[in-house]
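# Architecture at a glance
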Amino acid sequence: MKSDAVAKKLEKLGLRSRFDLVLHLPLRYEDETALTPVHAAPAGKPVSVEAPVLKAQVMYRPKRQLVVHAEGLVLRFFNFYGSQLRQFQRAADEGLRVRAFGEVRPGFFGAEMAHPRYRIVREGEPLPDALTPIYSTTKGLPQSELRALVLQALDAETLDDTLPESLRQRLGLAGFAESVRFLHRPPPAINPEELVDRTHSAWRRVKFDELLAQQISMRLAYRARRARKAPVLKVDGPLLRSFLQKLPFKLTRAQMRALNEVVRDLREPHPMQRLLQGDVGSGKTIVAAIACLAAVDSGLEAAVMAPTEILSEQHLRKFTGWLAPLGVGIGWLHGGTPKKQRAEMLAAPIVIGTHALVQKSAEFARLGLIVVDEQHRFGVEQRLALRKKAQGAVPHQLMMSATPIPRTLEMTYLADLDVSTIDEMPPGRRTVATRRFSDRKRAEVLKRIRQSCADGEQAYWVCPVIEESKEGDLQTALETFEVLKKELSGLRVGLLHGRLAAGEKAEVMESFAKGTTQVLVCTTVIEVGVDVPNASLMVIESAERFGLAQLHQLRGRIGRGARESTCILLFGADLSEAARKRLDIIFEDTDGFRIARKDLELRGPGEVLGQRQSGQPMLRFADLERDQDLVEAAVQAAAELIEHDPQAARAHVARWLGSRRELAHA
Ligand code: ADP
Ligand code: MG
């Protein structure tokens, strides 16, 4: 039986059940199935050798160590117990042998091994009949102990196959039991190298099962949510209708299509779970605003959550401009909202805000719709918390993202959401010309800013402040601001960063929006959603320090008005290869989908799409990018199983996800 202490260590590794141990597959293997004569040991490769023990002693030079002389081989241990010294001395007395695994190196006395793994054996003792698995473990849980536990679990567990035989045959997959047994104890004939890249059929079977479990669980979670009750919203009420009549512009066809999809969902007695994706500036906000009116027309509330205060304030401004004329009250809730005002803000039929919306004290009486902008920026917990705000029926959910997911990946990454895509820009949008300048040409850039401002245009100057919580990072922005104020004397220069108080931020934005401020020095706080059409020039300083998606979003802040817009990427002297690639991509491409695709290639889905959205946290073995063929097979098999053999589908998920399942439901 496992002691509590061991159980704790296992818990640390995420191993709770016996089956978790079975699925704790080796990181790599060592081959102790054959002995190599000491003199034939290849350089730099660990091997198993065996020799009679001659003598053992503790030596002090150059430092304290246990030195064991065996025939033709010296073993050295720098950390050792007294009992080891005695063990080797006894072995020498009794004529026993040491079997050691490690790298043989030439030393002062001939061949040597430093702190090898070893065993004392009699001559002729049989060799292991499988490769030695090496598991990832944690401090205080020795490899040998973990190995014993895993192999015990492997023997104890019934490893029945959760895949119907016909499916397994059709996909040409190996059996489950044979695959995991093989991976824990590969036969001696296998070259360990063959298993490292995880393309062996045994690995493929395990990965397929894992992906299948993920797909099934995402789909089941979707169905479960879908089966819950949500208020049926009135989608032809007076507010919505009169707003559609007075729209400030004609919706694009793509917006119409997305809106129709949303409206269709809102009319259902089940919660909408829709992701509205579209490139920066494609016009997602107005679709959300119309959806909010459906809630208000139905006598319910709508909450709009944005990741930053600035963005929430932009939404407030837009919503107010559009909806206040209809007499719809709009509240704004953020970290700095005074206590006294909170209740009043929350009483409005539409409440816009930051994650302050999900705090305990924020209570909604009748939440009908939740809109989450830039949803991948929120943690799973925050989105869950907002959903829980609704008492009784589950609210409809509209998520928005400007990091478009390439269509080919939608199926796999978003198995648990419905997706609407706005793939068309509002008319009159100008493509932004992108130019690259070395730091050394800063003077030219300044001249360009002066010209633009003289023509009545406005400019952003974005500083490479990646983490505003870091003093040093923020300092860059403050210094840049001081320097630019001098360099651009005569122009009205403002400063915006995330650590300004809410009121100050609002003031700075207001002044820039009105055109009072001509040049806005800022951090990436403007990356998301900020909308000032008259700004037609953007300088991004040290552009090489920004990510692709970030650059694309930043650039999306301009090109919104009637003027030609230019984005200038300033870069430092020594560009890394990766940085140069990023700048090339952003220079050559203005299409968000293609940029997202390339970003995916450069960085992998987990980072690009956010952990939860990528589905990667449920995966230990499979890789969504590299195992694309298995992903596709799993997507299809999941649909089939749920349809034709739901019991098998559930059994499969139960086996695989166990305690990890909650991730699928967020
Ligand atoms: P995003 O999808 O990036 O959130 P927004 O919703 O902020 O984009 O829209 C960007 C700008 O385009 C806003 O100023 C918005 O009012 C405007 N806009 C949206 N749709 C249209 C349209 N169909 N025609 C003209 N302008 C539009
Ligand atoms: Mg937006």
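Residues numbered from 1 in each chain as written. Chains lettered and ligands numbered in written order. Predicted model: local features only at pLDDT ≥ 70, side-chain atom pairs only at ≥ 80, totals over all residues. Heavy atoms only, no water.

## As for the overall build of the chain
The following threshold applies: A run of H or I in DSSP becomes a helix once it reaches four residues, and a run of E becomes a strand once it reaches two; helices and strands are each numbered from the N terminus. Residues are treated as being in contact if the distance between any of their heavy atoms lies within 4.5 Å. Charged residues are defined here as Lys and Arg on the positive side and Asp and Glu on the negative side; His and the ends of the chain fall outside this count. Working definition for charges: the position is that of NZ of Lys, CZ of Arg, CG of Asp or CD of Glu.
When helices and strands are counted, the chain shows 26 helices and 22 strands. If one aligns the C-alpha atoms of the chain with their principal axes, the spans along those axes are about 100 × 65 × 50 Å. In the chain, the proportion of contacts linking residues at least 24 apart, taken out of those at least 6 apart, comes to 74%. Mean positive and mean negative side-chain charge positions of the chain (96 and 83 charges, respectively) differ by 3 Å.

## Observations regarding the sheet that holds strand 20 (residues 519-522)
Sheet strands associate in pairs through backbone hydrogen bonding, adopting either a parallel or an antiparallel arrangement. Put simply, the rule reads: For two strands to be treated as a pair, DSSP must find no fewer than two bridges joining them. Only the stretch in contact is used when fitting a helix axis, every axis being a line fitted to C-alpha atoms; angles between N-to-C directions are given from 0 to 180 degrees.
Spatial ordering of the open sheet is given by 17-22-21-18-20-19, a layout of six strands whose pairing is parallel. Strand pairing shows two members of the sheet lacking a second neighbour, strand 17 (432-438) and strand 19 (493-496), which therefore form its edges. On average, each strand axis in the sheet is tilted by 20° relative to the strand beside it, whichever way the strands run. Sheet topology places strand 19 next to strand 20; four bridges connect them, and they run parallel. Across the sheet, V493 pairs through a bridge with V519, a residue of strand 20.

## Some details on the state of the cysteines
Operational definition: Pairs of cysteine sulfur atoms within 2.5 Å are identified as disulfides in what follows. Relative accessible area decides the class of each residue, using a 1.4 Å probe on protein chains only: under 20% of the type maximum gives buried, over 50% gives exposed, and in between gives partly exposed.
Tallied over the full model, the rule gives zero disulfides. With no disulfide of its own, C453 lies closest to C522 among cysteine sulfurs, the gap being 13 Å. Given the relative accessible area of 5%, C453 is considered buried.

## Let's talk about the sheet that holds strand 16 (residues 418-422)
What the seven strands build is an open sheet, ordered 12-13-11-14-15-10-16; its pairing is parallel. Single-partner strands in this sheet number two, and they are strand 12 (330-333) and strand 16. Along the sheet, successive strands turn relative to each other by an average axial angle of 20°, direction set aside. Pairing between strand 14 (residues 367-372) and strand 15 (residues 396-401): four bridges, direction parallel. Bridge assignment links V372 to a residue of strand 15, and that residue is M399. Relative to strand 16, helix 10 (residues 253-266) is tilted by about 155°, and along the sheet it contacts strand 10 (273-278), strand 14, strand 15 and strand 16. Sitting on the sheet, helix 13 (residues 339-347) is in contact with strand 11 (301-305), strand 12 and strand 13 (350-353), with an inclination near 135° to strand 12.

## What about the environment of P271?
Looking at the secondary structure, you find P271 in the loop between helix 10 and strand 10. Counting along the chain gives 97 residues from P271 to G368, while the straight-line C-alpha distance between them is 9.3 Å. Ignoring anything within four residues of it in the chain, the contact list for P271 reads R225, R226, R228, K229, A230, V394, P395 and H396.

## Quick word on the site of ligand 1
For clarity, the cut-off: Residues are labelled near a given molecule or strand when at least one of their non-hydrogen atoms is within 4 Å of it. Between N or O atoms, a polar contact is any pair within 3.5 Å; within protein, one atom must be a potential hydrogen donor and the other a potential acceptor, and residues adjacent in sequence are included only when both atoms are from side chains. Here the Shrake-Rupley method, with its probe set to 1.4 Å, supplies the accessible areas, and only the displayed protein chains count as covering residues. Here the term charged refers only to Asp, Glu, Lys and Arg, the term nonpolar to Ala, Val, Leu, Ile, Met, Phe, Trp, Tyr, Cys and Pro, and the term polar to all other amino acids, Gly among them.
In the neighbourhood of ligand 1, 18 residues make up the surrounding shell, with G281, T285, K318, R429 and D531 lying closest. Interatomic distance of 2.8 Å between a backbone N/O atom of K250 and a nitrogen atom of ligand 1. A distance of 2.9 Å separates a nitrogen atom of ligand 1 from a polar atom in the side chain of Q255. Its free accessible area being 560 Å², ligand 1 has 86% of it covered by the protein chains. Of all the secondary structure elements, the ones that give two or more residues to the shell around ligand 1 are helix 11 (284-297) and helix 12 (309-323). Looking at the shell around ligand 1, its residues break down into five nonpolar, six polar and seven charged.

## Side note on the packing of helix 8 (residues 201-227) against helix 24 (residues 628-644)
Two quantities define a packed helix pair, namely the angle between the helix axes and the distance between the axes. Rules: Here the angle decides the label: under 35 degrees means roughly parallel, over 145 means roughly antiparallel, 65 to 115 means roughly perpendicular, and every other value means oblique. Crossings are sorted by hand: turned counterclockwise from the far helix by less than a right angle, the near helix makes the crossing left-handed, and turned clockwise it makes it right-handed.
Direction vectors running N to C along helix 8 and helix 24 enclose 50°, while the axes themselves pass 8 Å from each other. On the basis of the axis angle, helix 8 is oblique to helix 24. Considering only the axes of helix 8 and helix 24, their crossing is right-handed. Here R204, K207, F208, L211, L212, Q215, I216, R219, L220 and R223 of helix 8 lie close against helix 24, whose contacting residues are D629, L630, V631, A633, A634, V635, A637, A638, A639, L641, I642 and E643. Considering only residue class, the contact of helix 8 with helix 24 consists of 15 nonpolar, one polar and six charged.

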